[in-house]
Number of protein chains: 2
Amino acid sequence: MGEVNIKKLASELNLSAATVSRALRDSHEISAETKARVMEMAKKLAYEPNPFASSLRQQKSKTIAVIVPEVANNFFALAIKAIEEVARAKDHHVLIYQTHESGEIESSFMTSLLSGRVDGVLISPACHVANKKYFQKVSEKIPMVFFDRDHDDIEGVKITTDDYESAYNATLHLVEAGCKKIGYLAALETLTTGKKRLQGYLDALKDNNLESMPALIEGNCENNESCRSKVKDFIAERKPDGIVSSIEELALPCYYACKELNLNIPKDLKLITYSNLAHAELLNPPLSTINQPAFEIGNEAATILFKMFSKRWYDPNITISLKSSIIKRESSRS
Amino acid sequence: MGEVNIKKLASELNLSAATVSRALRDSHEISAETKARVMEMAKKLAYEPNPFASSLRQQKSKTIAVIVPEVANNFFALAIKAIEEVARAKDHHVLIYQTHESGEIESSFMTSLLSGRVDGVLISPACHVANKKYFQKVSEKIPMVFFDRDHDDIEGVKITTDDYESAYNATLHLVEAGCKKIGYLAALETLTTGKKRLQGYLDALKDNNLESMPALIEGNCENNESCRSKVKDFIAERKPDGIVSSIEELALPCYYACKELNLNIPKDLKLITYSNLAHAELLNPPLSTINQPAFEIGNEAATILFKMFSKRWYDPNITISLKSSIIKRESSRS
């Protein structure tokens, strides 16, 4: 059996290639009966359309891009799963891109999307961005939705969580557990997400007449060694009795640091972190977490993107905020 | 500034569009000097080639696909990272696809790749596959490399690990730790990977005159609830004093089961599992693991794929096996 293309289908069906092509595109010019015949033959001969040629004609790739900092992260894994479910129901493929927090990689991906490779973009931006022009450039051409993370100087549709409130409440939880010197492990400081979390922490301490000591752990947390030693230095020097960590990647190093410094969690140091870690309960001790509604964020973002495709979404600048929940476990027990 | 296309570049440079197009494709017909001028102007005006049009011309997408069961898995996350590094050095994009162990989703992805969307495929196949014809179909058209997992009835280039030896050695480790009734949590039973691990376990027990009790935990381990209750039933009914788990997703439920059954790890039950879990050390108790060289597998697979692209790889049927290492921690202490 040779290549099955439109010509081959046409000759098998005794129709013109133009008719077959129109039938495959579900054109109103073709009768339902003919369409059914064409589809049946296409199925029988396992006809595969050429995506490049058909994309050029229709300007549709039936593909969406998801750009995230890391896939090996419980939050993003759950969000992606939700996005895939929505896309599958709409017969679209999902391409996943990892930026590893690099603005350079992000810019290169985004720029490559500019010319029709995908129909839409769901993005949770990288921390380290020098020049944000590409966000503007892409969003002018392709429907785009920010999820979880965003930049406050860029307009767009944004699905986030209650970062301020959840950080405030997590800090309050440590205050109520008896902490007097609560540290904060900052990250994502270039993003609205990070700024709001930090502000929630600061305000909770202010409202309780406690001093703050935020520590910005810079650099790439994928590099466990350097990250661990910075966290250890912070604990050794500042001697906090409680820590709110703004990301999971900074909370787990606290376990190693406390072991090395002979500190007991929660007796000497109480800990709570943003995390969707599936097995927080199995850690020693079980880790208190601020759980973001990861699946719901992915679902909402993808649903809105498909509404944008079908022109059923009219608000180009809106921020929708979903609620996180605080799960108290042994690591923050009073 | 209007659309920057080849025509625009040509008019800015006072060259013909054909010359600019050839220069951009690095044609030997164009002088180095002209190429340099064209590239400089393309950079200055931020010219973006249309990937569909240029793919049609060159039949190259400069993109490779990575198909894996799950991205939220430490093994695959590491392997993907290595693949991305190789691809980035070769100026290729990496598209990541998740099958969630479904043969149907896998088949749909693979079939969509048939017509030029990507230049090559790196795949770690799903467990549940009904009809394997699509592997054959894709590999006839596009360079493809299996990594970690494979099917023994499909030929191809395969980068795996020493599944038989590592399972044998892990079982022997439990025997030496004093276990007499060693259970095995099987998965991936449809794949060569799973078959070899099971055989390694069986042979280690036979060589030590011990009885075996493998348990196949069927169904989707993404569904934690059903997975946990099956693992718990196995432990409650068969009362093993040691368990070798063939995947991480079956080992963590042992922790919950032991808690519920009031069993102590490692006193009542010793545990070792295939896993690249980054924080196995932080679990209570720290988990003994069979660590696969995840990064090396990804690196090797991607490197071979690019050799296939440039026709510097001549062996269409070869299996390269890399060594895993056993990391003994508290969960299997005698």
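Remember, predicted model here, so these are calculated numbers, not experimental data. (Residues numbered from 1 in each chain as written. Chains lettered and ligands numbered in written order. Predicted model: local features only at pLDDT ≥ 70, side-chain atom pairs only at ≥ 80, totals over all residues.)

## Re the domain arrangement of chain A
One frequent convention defines the size of an interface as the accessible area lost when the parts assemble. Our working rule: Each domain's extent is set by a domain assignment, obtained either automatically or from a database.
Splitting chain A by domain gives domain 1 (6–49), domain 2 (63–161 + 294–324) and domain 3 (163–291 + 326–332). The centre of domain 1 of chain A, based on its C-alpha atoms, is set 36 Å off from the matching centre of domain 2 of chain A.

## Some points on unusual backbone geometry
Selection criterion: Working definition: helices are DSSP H or I runs of at least four residues, strands are E runs of at least two. Numbering for both runs from the N terminus. Burial is judged by counting other C-beta atoms within 10 Å of a residue's own C-beta: 20 or more means buried, 12 or fewer means exposed, and anything between counts as partly exposed, with every C-beta placed from the backbone.
In the segment running from Ile265(A) into Pro266(A), the intervening peptide bond is cis, with an omega of 10°. With respect to the helices and strands, the residue Pro266(A) is situated in the loop between helix 11 (248–260) and strand 9 (270–274). Omega for the bond connecting Asn284(B) with Pro285(B) falls within 30 degrees of zero, at 0°, which places this linkage in the cis form. Mapped onto the elements of the fold, Pro285(B) is located in the loop between strand 9 (270–274) and strand 10 (288–291). Of note in this structure, Lys239(A) is not a glycine but carries a positive phi near 45°. Relative to the helices and strands, Lys239(A) is located in the loop between helix 10 (224–238) and strand 8 (242–245). In this structure, Asn14(B) takes a positive phi of about 60° despite not being glycine. Secondary-structure assignment places Asn14(B) in the loop between helix 1 (6–13) and helix 2 (17–24). Given 7 C-beta atoms within 10 Å, Asn14(B) falls into the exposed group.

## Here we look at the pairing of strand 7 (residues 213–216) of chain A
Residue and element names in this part refer to chain A. We count it as follows: Two strands are said to pair when DSSP picks up at least two bridges between them. Handedness is read with the strands pointing away from the viewer; a crossover is right-handed when the path from the first strand over the helix to the second is clockwise.
Pairing between strand 6 (residues 182–186) and strand 7: four bridges, direction parallel. Bridging across to strand 7, Leu 185 finds its partner in Ala 215. One crossover worth recording links strand 6 to the parallel strand 7 by way of helix 9 (residues 192–207), and it is right-handed.

## Things to note about helix 11 (residues 248–260) of chain B
All names here are of chain B. We count it as follows: By definition here, a helix of n residues has an expected span of 1.5 Å times n minus one. The contact criterion used here is simple: two residues whose C-beta atoms, placed from the backbone, lie within 7 Å are in contact.
Along its 13 residues, helix 11 runs 19 Å from first to last C-alpha, staying within 8% of the 18 Å computed at 1.5 Å per residue. Within helix 11, 10 of the 13 residues are buried, which leaves it mostly tucked inside the rest of the structure. Within helix 11 the residues assigned to the buried category are Glu 248, Glu 249, Leu 250, Ala 251, Leu 252, Pro 253, Cys 254, Tyr 255, Ala 257 and Cys 258. Looking at the buried residues of helix 11, the elements they touch are strand 6 (182–186), helix 10 (224–238), strand 8 (242–245) and strand 9. In the stretch just after helix 11, Asn 262 is the one whose phi turns positive, near 60°.

## A word on the nonpolar core
To keep things clear, this is the line we draw: In this description, a nonpolar core means buried residues of the types Ala, Val, Leu, Ile, Met, Phe, Trp, Tyr and Cys, linked to one another by C-beta atoms lying within 7 Å.
Val231(A), Val244(A), Cys254(A), Val231(B), Val244(B) and Cys254(B) are the most contacted members of the largest nonpolar core, which has 88 residues in total. Sequence-distant contacts of Cys254(B), defined by excluding residues within four places in its chain, comprise Val231(B), Ile243(B), Ser245(B) and Leu271(B). By size, the runner-up hydrophobic cluster in this structure holds 86 residues, among which are Val118(A), Ile123(A), Ala65(B) and Leu78(B).

## Digging into the sheet that holds strand 8 of chain A
All names here are of chain A. Basically, it comes down to this: Only the stretch in contact is used when a helix axis is fitted, and all axes are lines through C-alpha atoms; the angle between N-to-C directions ranges over 0 to 180 degrees.
In space, the six strands of this open sheet follow the order 7-6-8-9-10-12, with mixed pairing throughout. Across the chains shown, the open sheet's two edge strands, defined by having one partner strand only, are strand 7 and strand 12 (325–327). For this sheet the average axis-to-axis angle between neighbouring strands, irrespective of direction, equals 20°. With four bridges connecting them, strand 8 and strand 9 associate as parallel partners. Bridging across to strand 9, Val 244 finds its partner in Ile 272. Strands strand 6, strand 8 and strand 9 of the sheet are contacted by helix 11, whose axis makes an angle of about 155° with strand 9.

## Remarks on helix 6 (residues 103–113) of chain A
All names here are of chain A. The test is simple: Summarising the geometry, the arc corresponds to the directions from the helix axis toward the C-beta atoms.
Those residues of helix 6 lying buried are Glu 106, Ser 107, Phe 109, Met 110 and Leu 113. Buried positions in helix 6, seen along its axis, are confined to an arc of 165° and lie on one side of it. Looking at the buried side of helix 6, the elements it contacts are strand 1 (63–68), strand 2 (93–98), strand 3 (120–123) and helix 7 (133–141).

## Looking at the environment of Asp241(B)
In this structure, Asp241(B) sits in the loop between helix 10 and strand 8. In the structure, Asp241(B) is positioned 30 residues away from Leu271(B) in sequence and 8.8 Å away in space, judged by C-alpha atoms.

## Some remarks on the sheet that holds strand 9 of chain B
Residue and element names in this part refer to chain B. An order of 7-6-8-9-10-12 is seen for the six strands of this open sheet, with the pairing classed as mixed. The open sheet has two edge strands, strand 7 (213–216) and strand 12 (325–327), and neither has a second partner. Each strand of the sheet is rotated relative to its neighbour by a mean of 20°, with strand direction disregarded. Relative to strand 10, strand 9 runs parallel, the two sharing three bridges. If you follow Ile 272 over to strand 10, its bridge partner there is Ser 288.

## Here's the deal with the packing of helix 2 (residues 17–24) of chain A against helix 3 (residues 32–44) of chain A
Residues and elements named next belong to chain A. Threshold: Orientation is classified from the angle alone, with under 35 degrees giving roughly parallel, over 145 giving roughly antiparallel, 65 to 115 giving roughly perpendicular, and any other angle giving oblique. Asp, Glu, Lys and Arg are counted as charged, while Ala, Val, Leu, Ile, Met, Phe, Trp, Tyr, Cys and Pro are counted as nonpolar; the rest, among them Gly, fall into the polar class.
Here helix 2 crosses helix 3 at 90°, and the two axes come no closer than 9 Å. Between helix 2 and helix 3, the angle falls in the class roughly perpendicular. Along the contact surface, helix 2 presents Thr 19, Val 20, Ala 23 and Leu 24, while helix 3 presents Thr 34, Lys 35, Val 38 and Ala 42. Here the residues of the contact of helix 2 with helix 3 are counted per class, giving five nonpolar, two polar and one charged.

## What to know about the packing of helix 8 (residues 163–176) of chain A against helix 9 of chain A
All names here are of chain A. The condition that has to hold: By convention the crossing between two helices is left-handed if the near helix lies anticlockwise of the far one by an angle smaller than a right angle, and right-handed if it lies clockwise.
At a minimum axis distance of 7 Å, the contact between helix 8 and helix 9 shows a crossing angle of 35°. Considering only the axes of helix 8 and helix 9, their crossing is right-handed. Facing Asp 163, Tyr 164, Glu 165, Ser 166, Ala 167, Tyr 168, Thr 171, Leu 172 and Val 175 of helix 8, the residues of helix 9 in contact are Thr 193, Lys 196, Arg 197, Gln 199, Gly 200, Tyr 201, Asp 203, Ala 204 and Leu 205. The residue makeup of the contact of helix 8 with helix 9, split by class, is eight nonpolar, five polar and five charged.

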